[in-house]
Amino acid sequence: MKQYLQLCQRIIDEGIWVNNARTGTRCLTVINADLEYNVAANQFPLLTTRKSFYKAAIAELLGYLRGYDSAAQFRAIGCNTWNANANENAAWLTNSHRKGEDDLGRVYGVQGRGWQKPDGTKLDQLQKLVTNLSQGIDDRGEILTFYNPGEFELGCLRPCMHTHTFSLLGDTLYLTSYQRSCDVPLGLNFNQVQCFVLLALIAQITGHKAGKVYHKIVNAHIYENQLALMKQQLEREPYSSPKLHINPNIKTLADVESWVSTDDFTLEGYQSHPAIKYPFSV
Ligand SMILES: Nc1nc(=O)c2c([nH]1)NC[C@@H]1CN(c3ccc(C(=O)N[C@@H](CCC(=O)O)C(=O)O)cc3)CN21
Ligand SMILES: O=c1ccn([C@H]2C[C@H](O)[C@@H](COP(=O)(O)O)O2)c(=O)[nH]1
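Quick caveat, the model's predicted, so the values are computed rather than measured.

A. Molecular detail of the overall build of the protein. The helix and strand inventory of the protein stands at 10 helices and 10 strands. Relative to a compact globule of 282 residues, whose C-alpha radius of gyration would be 19 Å, the protein shows 18 Å and is just as compact. Projected onto its principal axes, the C-alpha coordinates of the protein cover approximately 50 × 50 × 35 Å. Residues counted as buried form 52% of the 282 residues belonging to the protein. Contacts spanning at least 24 positions in sequence make up 69% of the contacts within the protein whose residues lie at least 6 apart. Put simply, the protein shows about 12600 Å² of open surface, and 51% of that area lies on carbon and sulfur atoms. Distance from the positive charge centre (27 side chains) to the negative charge centre (27 side chains) of the protein: 2 Å.

Shown next as structure tokens:
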């Protein structure tokens, strides 16, 4: 929580105003932030200075891991975050590749589970790394990347948290996650949860201890219409971090793909200040 608040304060103190053509809203921006989450100690990086709807963040991650390509699939598991980008984003609405209502195109999990190869077959990056890690193998390329510049026009948005690299040291699994663009008031609240859960979950299904997540952010910003609310949020005193419990019956990738739901993730000791509703720029 402390590192999150420090990043917010740094953007306010040192940020530079940058115009954003895609959304039409300018952002106070800094470059480079390195966050760390201690999964071994179960310090769940959940915001306490406002109420966090962390289950939606976990649902979004589950959707990525399952290769979802429709906002309706995300909605069905408790995540509403893709409705606007699927159905209200002007550039995507006029894109001839959009297959209709709720279609997201070839974003995130579609690339992670079904990267299109030149020979017409598909590559399942997640299955490959789960298989390797389960056998104790780290080939120094246990990478899940959603970043496919050749297919950007086939999707509604370029992935923001785009690459996850897993590393094994002895029997402990580490994760390094890369993010090119970060909406600190809204997106980062979700992305912190997702980094933590991704390491905890992959460690659990591959039979390893979870170590730390290293979360590397390039462009970290606060949209102009969020700034006053963020200043209010920064006046609040944080509470201590909650702990996350994951259903121990989740044992395989097939479990994650089939029956796992947000009910399998519970919190212990979450105390927070009231919710703040930040504006969202499409
Ligand atoms: N401008 C922008 N910021 C983002 O963070 C973002 C995008 N666009 N586009 C793609 C996804 C969608 N994401 C989102 C979208 C909405 C919320 C949001 O409204 N969160 C609310 C609560 C949501 C709920 O009740 O489930 C929040 O208060 O955190 C969060 C992340 C993250 N990404
Ligand atoms: O997981 C996510 C997804 C998106 N965001 C934010 C970062 C930006 O504010 C927008 C994406 O806009 P681009 O013009 O494509 O950079 O969404 C996030 O923080 N986390």
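There's plenty left to go through after this.
B. A look at the UniProt feature "binding site: (6R)-5,10-methylene-5,6,7,8-tetrahydrofolate" (unreviewed entry) in the protein. The feature "binding site: (6R)-5,10-methylene-5,6,7,8-tetrahydrofolate" (unreviewed entry), as given by UniProt, occupies Asp183 and Ser281 in the numbering adopted here. The largest pairwise C-alpha distance within this set of annotated residues, which runs over 99 residues, is 9.5 Å, so the set is compact in three dimensions. Within the annotated group, the residues that form the lining of the largest pocket are Asp183 and Ser281. With respect to the helices and strands, the residue aspartate 183 is situated in strand E7 (residues 172-183). The exposure class assigned to aspartate 183 is buried, which follows from its relative accessible area of 14%. Aside from chain neighbours lying at most four places away, what touches aspartate 183 is Leu188, His221, Tyr223 and Gln226. From its side chain, aspartate 183 meets the backbone nitrogen of leucine 186 in a polar contact 3.3 Å long. For serine 281, the location among the structural elements is in the segment after strand E10 (265-268). Setting aside anything within four residues of it in sequence, one finds serine 281 in contact with Arg22, Thr23, Thr25, Tyr223 and Asn225.

C. Spatial organisation of the site of ligand 1. As a structural note, the neighbourhood of ligand 1 is formed by 15 residues, with Arg50, Asn85, Asp183, Gly187 and Ser281 the closest of them. Asparagine 85 places a side-chain nitrogen or oxygen 2.8 Å from a nitrogen atom of ligand 1. If ligand 1 stood free it would expose 650 Å²; the protein chains cover 81% of that surface. Judged by its atoms lying within 2 Å of the grid points, ligand 1 is housed in the largest pocket. No other element matches the three residues that helix H8 (residues 187-206) contributes to the shell around ligand 1. For the shell around ligand 1, the residue count by class is eight nonpolar, five polar and two charged.

D. Structural context of the layout of surface pockets. Considered as a void within the structure, the largest pocket measures approximately 1200 Å³ in volume. Surrounding the largest pocket, 47 residues form its lining, Thr81, Asp183, Leu186, Gly187 and Phe280 being those nearest its centre. When residues of the lining of the largest pocket are traced back to their parent elements, those giving at least two are strand E2 (27-38), helix H2 (54-66), helix H4 (83-87), strand E6 (161-169), E7, H8 and strand E8 (209-223). For the lining of the largest pocket, the class distribution of residues is 22 nonpolar, 18 polar and seven charged. Looking at the second largest pocket, its volume works out to about 230 Å³. Lining the second largest pocket we find 13 residues, and of these Arg22, Asn89, Ala91, Cys156 and Leu157 sit closest to its centre.

E. Seen up close, the pattern of salt bridges. In total, this model carries 12 salt bridges according to the counting rule given. The salt bridge partner of lysine 99 is aspartate 103, with a shortest N-O separation of 3.8 Å. A relative accessible area of 66% places lysine 99 in the exposed class. Since its relative accessible area comes to 5%, aspartate 103 is described here as buried.

F. Region of the structure containing the nonpolar core. One finds Tyr4, Trp82, Val184, Ile202 and Phe265 to be the most contacted residues of the largest nonpolar core, which totals 79 residues. If you tally residues by element for this core, the top one is H8, at 13 residues. Ignoring any residue separated from it by four or fewer positions in sequence, one finds valine 184 in contact with Tyr4, Leu7, Cys8, Ile11, Asn189, Ala220, His221 and Ile222.

G. The arrangement of the environment of lysine 251 in detail. Tracing the chain through its elements places lysine 251 in the loop between strand E9 (243-246) and helix H10 (253-257). Under the relative-accessibility criterion, lysine 251 is labelled exposed at 52%. Linking lysine 251 and leucine 188, residues 63 residues apart in sequence, is a C-alpha distance of 28 Å.

H. A look at the side chain of glutamine 192. Positionally, glutamine 192 belongs in helix H8. With residues near it in sequence (within four places) discarded, glutamine 192 still touches Tyr4, Leu35, Tyr37, Pro45 and Leu47.

Conventions adopted
- Residues numbered from 1 in each chain as written.
- Chains lettered and ligands numbered in written order.
- Predicted model: local features only at pLDDT ≥ 70, side-chain atom pairs only at ≥ 80, totals over all residues.
- Heavy atoms only, no water.
- Helix = DSSP H or I, 4+ residues; strand = E, 2+ residues; numbered from the N terminus.
- Rg over C-alpha atoms; globule rule 2.2 N^0.38 Å.
- Buried < 20%, exposed > 50% of the residue type's maximum accessible area, 1.4 Å probe, protein only.
- Contact = heavy atoms within 4.5 Å.
- Areas by Shrake-Rupley, 256 points an atom, 1.4 Å probe, with all protein chains shown as cover.
- Lys, Arg positive; Asp, Glu negative; His and termini not counted.
- Charge placed at Lys NZ, Arg CZ, Asp CG, Glu CD.
- UniProt positions renumbered as here; feature names shortened; annotations may be inferred.
- 1 Å grid on protein atoms, 1.4 Å probe; cavity = no way out; pocket = protein on both sides within 12 Å on 5 of 7 lines; lining within 4 Å.
- Polar contact = N/O pair within 3.5 Å; in protein donor to acceptor, adjacent residues only side chain to side chain.
- Near = heavy atom within 4 Å.
- Sits in = over half its atoms within 2 Å of the grid points.
- Nonpolar A, V, L, I, M, F, W, Y, C, P; charged D, E, K, R; others polar.
- Points joined across faces, edges and corners; volume = space filled by probe spheres on them.
- Salt bridge = Lys/Arg side-chain N within 4 Å of Asp/Glu carboxyl O.
- Core = buried A, V, L, I, M, F, W, Y, C linked by side-chain atoms within 4.5 Å.

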